[in-house]
Amino acid sequence: NKVKVASFGATTTVKDINLTGKINITSTGTQNVVIGVNGNDAGDDNVVIGFDAGTAIDADGNQNIIIGSGAGKKVESSQANILIGHSAGENIVDSSLNVAIGRMALQDAGTTVPTNTTSNRNNIAIGYFALANLDASGDDEAFGNTAIGSNAADSLTTGNYNVAIGYNVDISTGVNNSVLIGYGI
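Since the model is a prediction, treat every value here as computed from it, not as a measurement.

Explanation requested: the overall build of the protein chain in the structure shown.
Within the protein chain one finds 0 helices and 11 strands. If you list the helices and strands of the protein chain from N to C, you get β-β-β-β-β-β-β-β-β-β-β. A buried classification covers 40% of the 185 residues belonging to the protein chain. When contacts within the protein chain are restricted to residue pairs at least 6 apart in sequence, long-range pairs at least 24 apart make up 12% of them. Of the roughly 9600 Å² that the protein chain leaves accessible, carbon and sulfur atoms contribute 53%.

So this is what it looks like as structure tokens:
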């Protein structure tokens, strides 16, 4: 059975909706789910939920999970990112295989498309503002970094294979292969 709740342009108030079975959501892309204002359904296999989430995804932006107001807002051709939280990965343009969980985590990763296309990839940021300024450009790299904690590695812009765990634990820009665990280091 099919139920029509409203027509395009019409406003309908519904008190309760109880559903059983499946809910199918379709889009102009392939196998995308888009829920929220200004969400973009280009690309394939994307899940975009939230106001202004994933608004710039293009046909090459595939397999991203973007949840939260402003999350992944500028993602274009990025692939296989998980961005969850208000403004998580908000300014990412071309950066793939990243995980950002928390408000403003990985906020600026990949805003500048580097010469080395493997840059700004494979980073994990969990916590408010974790790895928020990571943004390698030119021949610089920001690859394989992990930051867990509020403000963890928030001033790191370039560097590879670093681990920062704890509140306000920071790593100097351009450093590679560092491990810092603690508070305010």
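Is there a simple way to explain the sheet that holds strand 3 (residues 65-67) in this structure?
Backbone hydrogen bonds are what pair the strands of a sheet, in a parallel or an antiparallel way. An order of 1-2-3-4-5-6-8-10-11 is seen for the 9 strands of this open sheet, with the pairing classed as parallel. Edge positions in the sheet fall to strand 1 (33-35) and strand 11 (179-181), since each of these pairs with one other strand and no more. Neighbour to neighbour, the strand axes of the sheet diverge by 5° on average, direction disregarded.

How should I be thinking about the side chain of Asn 98 in this particular structure?
By the secondary structure assignment, Asn 98 is in the loop between strand 4 (82-84) and strand 5 (99-101). Looking at Asn 98, the relative accessible area reads 0%, which means it is buried.

Even after reading the chapter, I still don't get the pattern of salt bridges, so can you show me in this structure?
Charged atoms that come close allow side chains of opposite charge to pair. This model, assessed by the stated rule, comprises 1 salt bridge. With its nearest N and O atoms 3.7 Å apart, the salt bridge here joins Asp 52 to Lys 73. Taken together, the residues span a long stretch of sequence, with Asp 52 in the loop between strand 2 (47-49) and strand 3 and Lys 73 in the loop between strand 3 and strand 4 at a distance of 21 residues. Take Lys 73: its relative accessible area is 28%, and that puts it in the partly exposed class.

What am I meant to see in unusual backbone geometry here?
Leaving glycine aside, a negative phi is the common case for residues, and trans is the common case for peptide bonds. Of note, the phi angle at Leu 131 is positive, near 50°, even though the residue is not glycine. Leu 131 gets classed as buried once you look at its relative accessible area, which sits at 0%. Although it is not a glycine, Asn 168 sits at a positive phi angle of roughly 60°. Among the structural elements, Asn 168 can be located in the loop between strand 10 (163-165) and strand 11. When its relative accessible area of 32% is taken as the criterion, Asn 168 is described as partly exposed.

Mind showing me how you'd approach the side chain of Asn 145 here?
One can find Asn 145 in the loop between strand 7 (142-143) and strand 8 (146-148). Among the polar contacts made by the side chain of Asn 145, one reaches the main-chain amide nitrogen of Asn 162 at a distance of 3.0 Å. Dropping the residues within four chain positions of it, Asn 145 is found in contact with Asn 122, Asn 123, Ile 124, Leu 131, Leu 134, Leu 156, Gly 159, Asn 160, Tyr 161 and Asn 162.

Which parts of the structure should I look at to understand the environment of Asp 45?
Topologically, Asp 45 is positioned in the loop between strand 1 and strand 2. In this structure, Asp 45 is in contact with Thr 30, Gln 31, Asn 32, Gln 63 and Asn 64, ignoring residues within four places of it in sequence.

Quick question: what am I supposed to make of the packing of aromatic side chains here?
Any pair of aromatic rings gets described here by the distance separating the centres and the angle formed by the planes. Tallying each qualifying case throughout the model produces 3 aromatic pairs. Measuring from centroid to centroid gives 5.7 Å for Phe 143 and Tyr 161, while their planes differ by 75°, and the two rings are edge-to-face. Placement of the pair is Phe 143 in strand 7 and Tyr 161 in the loop between strand 9 (159-160) and strand 10, with a sequence separation of 18 residues. Ring plane angle 15° and centroid distance 5.6 Å describe the contact between Tyr 167 and Tyr 183, whose orientation is recorded as stacked. Taken together, the residues span a long stretch of sequence, with Tyr 167 in the loop between strand 10 and strand 11 and Tyr 183 in the segment after strand 11 at a distance of 16 residues.

Explanation requested: the environment of Gly 61 in the structure shown.
With respect to the secondary-structure elements, Gly 61 resides in the loop between strand 2 and strand 3. Distance in space between the C-alpha atoms of Gly 61 and Asp 45 is 9.0 Å, their sequence separation being 16 residues. Excluding its chain neighbours within four sequence positions, the residues that come into contact with Gly 61 are Ala 42, Gly 43, Asp 44, Asn 46, Glu 76, Ser 77 and Ser 78.

Calculation rules
- Each residue is numbered by its place in its chain's sequence as written, counting from 1.
- The predicted origin of the model limits local features to residues at a pLDDT of at least 70 and limits the giving and counting of side-chain atom pairs to 80 or more, whereas totals for whole chains, interfaces and linings rest on all residues.
- Excluded from the side-chain calculation are hydrogens and water; included are all heavy atoms of the structure.
- Helix numbering and strand numbering both begin at the N terminus, where a helix is a DSSP run of H or I of at least 4 residues and a strand a DSSP run of E of at least 2.
- Exposure classes here rest on a 1.4 Å probe applied to the protein chains alone. A residue is buried below 20% of its type maximum, exposed above 50%, and partly exposed in between.
- Any two residues having at least one pair of non-hydrogen atoms within 4.5 Å are treated as being in contact.
- All accessibility values rest on the Shrake-Rupley procedure with a 1.4 Å probe; residue burial counts only the protein chains present in the view.
- Only when DSSP finds a minimum of two bridges between them are two strands counted as paired.
- Every axis in this analysis is a line fitted to C-alpha atoms, fitted for helices over the stretch in contact. Angles between the N-to-C directions lie between 0 and 180 degrees.
- Should a side-chain nitrogen of Lys or Arg be within 4 Å of a carboxyl oxygen of Asp or Glu, the pair is scored as a salt bridge.
- Any pair of N or O atoms that falls within 3.5 Å is considered a polar contact. Within protein, one atom must be able to donate a hydrogen and the other to accept it, and sequence-neighbouring residues count only if both atoms are side-chain atoms.
- We call Phe, Tyr and Trp rings a pair once their centres come within 6.5 Å, taking the six-membered ring for Trp, and we label the pair stacked below 30 degrees between planes, edge-to-face above 60, and tilted otherwise.

Distances and angles like these do not, on their own, reveal function.
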